[in-house]
Amino acid sequence: MSAHCMLTGAQPGFGNRISRSHRRTSRRFDPNIQSKRYWLPSEGRYVRLRLSTKGIKTVDTIGVEAAVARIRARGVRV
C-alpha cells in the first residue's frame, strides 16, 4: 500500500541525496504513517485507519466521527 494518510492526504515528497562529492541521486521523503484502530460508536465497530502522526493528532482534536466523515468525503472507503 502506498505511503499516504487517509485523513490529511500526506504523500511522499521527492528530492535528491547529495553526496560529499555533490553527486545527486533521487530519494523519497515518506510521511510518518501509522496504522491505528479506533472505536466508531455510531456503527458499533472498530475501524483501522492509516494515518500520519499529524492525522492522529487531528483525530484527537476533532473526534473519530468527524474524521471518518472527512475521510469518506474524500472518497476513501472505511
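Values in this document were obtained by computation on a predicted structure and should not be read as measured data. (Residues numbered from 1 in each chain as written. Predicted model: local features only at pLDDT ≥ 70, side-chain atom pairs only at ≥ 80, totals over all residues. Heavy atoms only, no water.)

Draft legend 1. A look at the packing of helix α1 (residues 53-62) against helix α2 (residues 64-73). Interhelical geometry of α1 versus α2 gives an angle of 125° and a closest axis separation of 7 Å. Taken as axis vectors, α1 and α2 run oblique relative to one another. Side by side, α1 and α2 meet where T58, V59 and I62 of the first sit next to V64, A66, A67 and R70 of the second. Here the residues of the contact of α1 with α2 sort into five nonpolar, one polar and one charged. (Axes fitted to C-alpha atoms, helices over the stretch in contact; angles between N-to-C directions. Helix = DSSP H or I, 4+ residues; strand = E, 2+ residues; numbered from the N terminus. Parallel < 35°, antiparallel > 145°, perpendicular 65-115°, else oblique. Contact = heavy atoms within 4.5 Å. Nonpolar A, V, L, I, M, F, W, Y, C, P; charged D, E, K, R; others polar.)

Draft legend 2. Inspection of α1 at higher detail. Among the residues of α1, those classed as buried are G55, I56, T58 and V59. For α1, the angular spread of the buried residues around the axis is 160°, confining them to a single face. With respect to the buried face of α1, the exposed residues turned more than 90 degrees away are K54, K57, D60 and T61. On its buried face, α1 sits against β3 (33-40), β4 (45-52) and α2. (Buried < 20%, exposed > 50% of the residue type's maximum accessible area, 1.4 Å probe, protein only. Arc of directions from axis to C-beta.)

Shape descriptors only; they carry no functional weight alone.
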